[in-house]
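The residues making up each chain are set out below.
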Amino acid sequence: MLEARGISVRFGGHMALSDVSIDAPAGQVTGLIGPNGAGKTTLFNAITGLLTPSAGTVHIDGRDVTRLKLHRRARHGLARTFQQLELFTMLTVRENIRVAADIHHRWSPEPGDPGVLTEEIIDRVGLAAVAGERVTALPTGQGRLVELGRALACRPRILLLDEPASGQDETETERFGRLLVEVASSGTAVLLVEHDMSLVMEVCSNVHVLDLGQILAVGPPAEVQRNPVVLDAYLGTDTGGAP
Amino acid sequence: MEKFLIFTVVGLTLSATYAVIASGLVLTYATTGIFNFSQGAIGMVAAFAYWQLRFDWGWPTPIALVVSLGLLAPAIGLAIDRGIMRGLRGTSEATRLVVSISLMVALIALANLVWEPGRSRPMSTFFEGSRVDLGITTITYHQAITIVVAVLIAAGLRFLLHNTRIGVSMRANVDDDALVLLNGAQPKRIAGISWAVGGFLAGVGGILIAPTLSLEAGSLSLLIINAYAAAIFGRLRSLPLTFVGAIVIGLTEGYLAGYLPGDNQYFAAFRPAATVVILFVALLLVPNPRLRSRAHLREYFPPPSRSGMVMLAVVVVVAGVVLATTLDTVSLITYGPVFSLGIVALSLVPLVGFAGQISLAQLSFAGIGALAVAHHGHDGSPLGLVLAVVLAAAVGTVVALPVMRLTGIYLALATAAFAVALDRWLFNLPDFSVGPVHVRLFGLGSVSVDPLRILGHEFDSPAALLMLSAVVFAAVSLLVAALRWSRFGRQLVAMRDSEAACATFGLNLMWPRVGVFALSAGIAGLGGALYAMQLGSVAPARFDLLNGLPIFILVVVGGAGLVGSALFAGGILYGVLPLTATLGPVIAKINSLFPGFTGVGLGRNPSGAVPVFSAAAGPLRNDPVVLASMGVAMAVCYVLRLAEVFGNWAFVVLLGVALVAAMVVARRRSSSGAQGPGQGAGAGPDPEDLEWVGVTEPFTPAHLARMEQVLDLQSVDLEGAELDPVGGRDA
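Reading the values: the criteria
Residues numbered from 1 in each chain as written. Chains lettered and ligands numbered in written order. Predicted model: local features only at pLDDT ≥ 70, side-chain atom pairs only at ≥ 80, totals over all residues. Heavy atoms only, no water. Helix = DSSP H or I, 4+ residues; strand = E, 2+ residues; numbered from the N terminus. Rg over C-alpha atoms; globule rule 2.2 N^0.38 Å. Contact = heavy atoms within 4.5 Å. Areas by Shrake-Rupley, 256 points an atom, 1.4 Å probe, with all protein chains shown as cover. Lys, Arg positive; Asp, Glu negative; His and termini not counted. Charge placed at Lys NZ, Arg CZ, Asp CG, Glu CD. Phe/Tyr/Trp six-rings, centres within 6.5 Å; stacked < 30°, edge-to-face > 60°. Buried < 20%, exposed > 50% of the residue type's maximum accessible area, 1.4 Å probe, protein only. Lys NZ or Arg CZ within 6 Å of the ring centre and 35° of its normal. Salt bridge = Lys/Arg side-chain N within 4 Å of Asp/Glu carboxyl O. pLDDT = per-residue confidence, 0-100. Domains from an automatic or database assignment. Buried area = accessible area lost by both parts, 1.4 Å probe. Polar contact = N/O pair within 3.5 Å; in protein donor to acceptor, adjacent residues only side chain to side chain. Nonpolar A, V, L, I, M, F, W, Y, C, P; charged D, E, K, R; others polar. Axes fitted to C-alpha atoms, helices over the stretch in contact; angles between N-to-C directions. Parallel < 35°, antiparallel > 145°, perpendicular 65-115°, else oblique. Left-handed = near helix turned anticlockwise from the far one by under 90°. Expected span 1.5 Å × (residues − 1). Arc of directions from axis to C-beta.

A. How the structure looks around the overall build of chain A. Of regular secondary structure, chain A possesses nine helices and ten strands. In terms of overall size, chain A behaves like a compact globule, its C-alpha atoms giving a radius of gyration of 17 Å where 243 residues would be expected to give roughly 18 Å. Taking the principal axes of the C-alpha coordinates as reference, chain A spans close to 50 × 40 × 35 Å. Counting only contacts in chain A whose residues sit at least 6 apart along the sequence, the fraction spanning at least 24 positions is 65%. Total accessible area computed for chain A in this model is approximately 9400 Å², and 48% of it derives from carbon and sulfur atoms. Charge-centre separation for chain A: the mean point of 22 positive side chains lies 10 Å from the mean point of 29 negative side chains.

B. Expanded view of the side chain of D162(A). Counting through the fold element by element, D162(A) comes out in strand β7 (residues 158-162). Those residues within four positions of D162(A) in sequence are excluded, and the remaining contacts are T41(A), F44(A), R80(A), T81(A), F82(A), Q83(A), R144(A) and V193(A).

C. The arrangement of the packing of aromatic side chains in detail. Counted under the stated rule, the structure contains 22 aromatic pairs over all chains. For the pair W57(B) and W59(B), a centre-to-centre distance of 6.1 Å together with 40 degrees between the ring planes defines the contact as tilted. For W57(B), a relative accessible area of 53% corresponds to the exposed category. On the basis of relative accessibility, which here comes to 33%, the residue W59(B) falls in the partly exposed class. Geometrically, the ring pair formed by F568(B) and F613(B) is tilted, given 6.2 Å between the ring centres and 40 degrees between the ring planes. Pair noted here: F568(B) is in helix α25 (residues 564-581) and F613(B) is in helix α27 (residues 610-616), with a separation of 45 residues, a long-range link. With relative accessibility at 14%, the residue F568(B) sits in the buried group. Members of the aromatic cluster, each reached through a chain of ring pairs, are F4(B), F7(B), Y255(B) and Y259(B). Taking NZ or CZ as reference, R134(A) lies 3.5 Å from the ring centre of Y300(B), over its face. When the ring centre of W51(B) is taken as reference, the NZ or CZ atom of R121(B) above it lies at 5.3 Å.

D. Looking closely at the side chain of D423(B). Residues and elements named next belong to chain B. Position of D423 among the secondary structure elements: in helix α19 (residues 408-424). Nearest to the buried, unbridged D423 among oppositely charged side chains is R424, at 5.0 Å. Here D423 is in contact with N428, F543, D544 and L545, once residues within four sequence places are set aside.

E. Local environment of the confidence of the model for chain A. Looking at chain A, pLDDT values average 90 and 96% of them are 70 or higher. Below a pLDDT of 50 lies the segment residues 239-243 of chain A, which in the model reaches five contacts outside its immediate sequence neighbourhood of four places, other chains included.

F. The arrangement of the domain arrangement of chain A in detail. Residues and elements named next belong to chain A. Domain parsing of chain A yields domain 1 (1-77 + 158-165 + 189-243) and domain 2 (80-155). Summarising the inter-unit geometry, the C-alpha centres of domain 1 and domain 2 are found 24 Å apart. Counting from both sides, the interface comprises 14 residues of domain 1 and, opposite them, nine residues of domain 2. Summed over both partners, the interface of domain 1 with domain 2 buries about 1000 Å², with 57% contributed by carbon and sulfur atoms. For domain 1, the biggest contributors to the area lost against domain 2 are R75, L159 and D162; these three give 39% of the whole. Run the count over domain 1 and domain 2 and you get zero salt bridges. In this structure, the connection of domain 1 to domain 2 is made through seven residue pairs in polar contact (both at pLDDT 80 or more). If you list the elements that add at least two residues to the side of domain 1 that touches domain 2, you get α1 (40-48) and β7. In terms of residue class, the side of domain 1 that touches domain 2 is built from eight nonpolar, three polar and three charged.

G. How the structure looks around the packing of helix α14 (residues 306-326) of chain B against helix α29 (residues 624-642) of chain B. Residues and elements named next belong to chain B. Between α14 and α29, the least distance of the axes is 11 Å, while the angle of their chain directions is 15 degrees. In terms of axis orientation, α14 runs roughly parallel to α29. Like other packed secondary-structure pairs, α14 and α29 cross with a definite hand, here left-handed. Each of M311, V321, V322, T325 and T326 in α14 lies in contact with α29, whose residues at this interface are L627, Y638, R641 and L642.

H. View of the domain arrangement of chain B. On domain assignment, one finds that chain B holds domain 1 (2-115 + 133-259), domain 2 (306-604) and domain 3 (617-670). Using only C-alpha atoms to locate each centre, domain 1 of chain B and domain 3 of chain B end up separated by 52 Å.

I. Expanded view of the packing of helix α18 (residues 382-403) of chain B against helix α23 (residues 510-535) of chain B. Residue and element names in this part refer to chain B. Where α18 meets α23, the axes come as close as 7 Å, and the angle between the chain directions of the two elements is 140 degrees. In this structure, α18 crosses over α23, and the sense of that crossing is right-handed. Residues L385, A388, V389, A392, A393, G396, T397, V399, A400 and L401 of α18 form the contact with α23, whose own contacting residues are M510, W511, V514, F517, A518, A521, G522, G525, L526, A529, L530 and M533. Split into classes, the residues belonging to the contact of α18 with α23 amount to 18 nonpolar, four polar and no charged.

J. Region of the structure containing helix α6 (residues 170-185) of chain A. All names here are of chain A. With 16 residues, α6 extends 23 Å from end C-alpha to end C-alpha; this agrees with the ideal 22 Å at 1.5 Å per step. Listed in full, the buried residues belonging to α6 are T173, F176, G177, L179, L180, V183 and A184. Buried residues of α6, seen end-on, are gathered within an arc of 170 degrees and therefore sit on one face of the element. For α6, exposure combined with an orientation more than 90 degrees from the buried face picks out T171, R178 and S185. On its buried face, α6 is in contact with β3 (29-33), α4 (114-125), α5 (140-153), β7, β8 (189-193) and α7 (197-203). In this structure D169 caps α6, since a side-chain oxygen of it lies 3.2 Å from the backbone nitrogen of T171. Just downstream of α6 lies G187, where phi reads positive at about 105 degrees.

K. Spatial organisation of the interface of chain A and chain B. Contacts between the two partners involve 46 residues from chain A and, on the opposite side, 38 residues from chain B. On the chain A side of the interface with chain B, the three residues burying the most area are Q84(A), E86(A) and M90(A), jointly 19% of the side's total. As a salt-bridge pair, R490(B) and D102(A) come within 2.8 Å of each other at their nearest N and O atoms. When residues of the side of chain A that touches chain B are traced back to their parent elements, those giving at least two are α1, α2 (70-74), β6 (78-80), α3 (93-107) and α5 of chain A. Looking at the side of chain A that touches chain B, the element that brings in the most residues is α3(A), giving nine residues.

This is the structure in C-alpha cells:
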C-alpha cells in the first residue's frame, strides 16, 4: 500500500503541491484526476523520488521511503510510467522490456528468467506483433503499452501510471482497462492519472481530485462525479463531456 | 607589501580578462544551451586579426579595434549561429559538444594556415610604458584599461539582461524557445544576438590578454580553460558568480606567480595546472544535476551484426598484413598509429556511443598505459600490457567516482581538466614516493619502451608491431560489439535515452557509469601501450588534450555508437591524412583543417559518416559474386605489389579502383534485380509517401507513428512545461 502524507512541492515562488495526501491500497485501482497543471505528474515525481518535496512523507507498506533515492524506492516495489514517453529509442520493444526485467532480476530475490518474463509480458500487454520493432516505429498508444510492460517487468507492488491511455483508441482503451483491473486483482496497488473519464469511472475503486496543487475531493467515482465542487472546478456542469 | 600589491594587480588584470571571456561563454550558454568551446579560439582569431591590422599593416589603433572587435568577432559569432548551431536541434549533448570543440580545432588550424606558427609576432600593450600612480602602487595603462573594460562590460550585461526587452527574451530563450515564440519573441534572432555579443566579448578578452602572452593559436585558445573555471563558478548561468570566479582564479594565478617557489620542480610544474585543479574542484561542488530523460535524439546507432563484425575483424587483420608487408620502415612508423590509436578511438564507442557519457581524457589514459608498459614491460614482458589496462582502468575509476554524477558539459569539462592537469603537471613531475609506492613517470623527459615478447616471439620490428596492433584492434572491436549485445550494453544504451526510467527500475546509475568509464579507460590504456611500443620512446606531449581532441571528434563524426567509427577515426587521422599529405605541402595544410571542419558539419548528419559508407557498400556486401571477384582482384594486386611490379602509390590506386568498380557493379546488379515489372521509376506512387498509404499498402501502426513523427506531435506538447521537472529541454 502507498501512503503519501502532506506532500508539498515548491518551484521558486510557485506552490505546485500544497499538503497533498493520497492513499493507494493494494488490490485496487485508485484514480487521480485533475485539470492540466493541477500537479498530478509533480505528485508522481515526488512519490517516486524524481524530485524532493519541501514537506511530506511517503510510505510503502508502512515503511518510510521519503529519504530514499529513486532506485531505492523502486526496490521497495514502486514502478511508474511517464506522462511524456521515456522509451529507449535505440532499442526494440522486446529490448525495452528486457532492460527492465534484467535490472529487476539483478537486485530482486525473486527467482525467474528475465527472458521468459519479458516474453510473458509482451503477450500480456498485447505487443507480440511488434516485439521486434524499434520503439520509434510505434504510435504513442503502443509506446504507452511498452512503458506499462517495462513497469510490469519490475513486478511492482505499487504501480503509478501517468496518462497511460492517451494515444489509445477506444478498443485499445477497453482492453487496457481490463488489463489494469487484472494487474490490481493480483494484489498490486495501482495509482492512475488519466484524462479519459470513462476509463477512470470504470476501473477505479476510489478517486482523488487534484486542482491547483490541492486535493479537492476523495471518494468512489460515482460520488466524485456528483460532487459539486469537482463539477465546478474540473468537470464543468456538463458531466457527459470529457474534460 | 609592494610585491603583494604588484601581484594583486597582476591577478586582478587576469581576473578581468577571464571575466570578459567567461561572461560571453555564460551568455551563449544561458540563451542557447550550447557550451561554446571555441570561445577562446574566437578571441584568438580576433587577437591575430588585431595584430595583423595594427602591427603588421600599421593601421591606427581605433580602426584596427573597430574592424577586429566591432566587425570580425561578432561576425564570427553570428556565422557560427547561422551556419552551424541552428542545425544542432535535437542532437545529443555529445554531438553539440563535438561541433563546438571541432570549431575550436578548425579555428586553430585556420589561424595556423593564415599566420604561420613559430614566427615571432610582437604585440605591444595599450599605451606601452605609461603607468597610473595609485599612491600605494602603480599599474600600467593596459592593466587599468583591462580592469575598467571588465567593469563596464559587467554593468552593460546587467543592463542588457535586466532592463531591455531583448535581454529578458534572451534569459527566457533557453528555457523553451517554443514558448518564447508563442509569446511573440523571435528565438532565432535572440540566439543570433547572443552569439554576436559572445563573439565580441571573446574578441575583447583575446585582444586584452594577447600582448602579455605569445601570439600562438593553440595556447591562446586553450587559455579559455581558465575562463571555463570562472564560468563554472557561476554554474554557467550567473554572471555575478562568474565574475567572482574570475577574481578567485585570476588572483590565485597572480599570487602563485609571485610566491610559488620556482626552484622546486614539484611546485614549478603545478603553476600552469593550478587553474584546471580549481576547475576540477569547482566541478565537484556542482549540485547533482537532474537525471537525463526524454532524450528524443536524432542519432541512431543500430547494434552491430555478427556477420558485419566478423567481416570488420577480418578486414582489419588483412589490412594489417598488407600494410606490414608493403610499407618501408619510415612509412610503418608513420601509419603505425592507425590501429594503436584506433584502439584509443575504440575506447570512446562504449562510453560516448553506448552510454552517452563524454570524456576528453582518453589520450591521457593512453598515456598512463604507455607509462605502465614503459616501466613494467621490460624485455617485452606481457605484464606491462596487462598493467597498462589495469592501471588505466584503475585511474579511470578514481577519476570517475567523484565526477560520474556529472553529465554532459560538466563531465566533459571535468575530464578536460583532468587531461590538462596530467599533461601540464603530473606527467612533468619527477619520480616520487607515496608511502611504500614509488611512482615513476616520464622522468622529466621521455621513457623508452621495449617491444612485446610472447612465448619467445618478440615483436621487435615496426611491421610486427603494426600487425600486433591490428590483431588487438580486431579483438577489442569484437569485445566492444559483444558488450553492445550484452545485458550491460542494452542497459548503457537505455541509460543514454533515459536515466530517469532506468532508475525507476531500481538501477543505481552510479555503477554502470563508473564501470563503463573504467572499461573505456582500460581500453585506451591498452591502445596507449601499443602506441608507445611502436614509438619505442614516449614523452608526455604525445598524450596532451589537444592531440586527443581530433580522435574524439572523428569518432563522433564517424558515428560514436558504431564500432566502425573507431576504424574510421584511426584510418582518417593516421592513414588518409598522412598519406595525402605526402602529395604536397598545400594538401598537408588543408588536411590540418579536416578534423575541425568535418566535426563542424556533424549537425547535418548526427548519426555519423559510417552509416553512409555502410549504406553505399550495402549492395556489395550482399553480392557474393562481386565481393569474391573484388577480393581476387585485390589479392592479385597484392601479389604483384609484393613482386615489386609497381610501387605503393599504384597499389593504393588499384585497390581504390577495384573497390569503386565492385561497388558500382554490385549496385547495378542489385537495382536491375530488384526492379520487377511495374516497380521501376515512374511506374506508380512512391510507397514511402504517406499520402498514398492505404492505396499502395495497408495502413499500419508504423504509419501512424511516422505521421506523429512527421507532425512532431510529441514535442509540441506544452502541457506542464513549467511545472514538470522531468520535462525541461535539457532534462
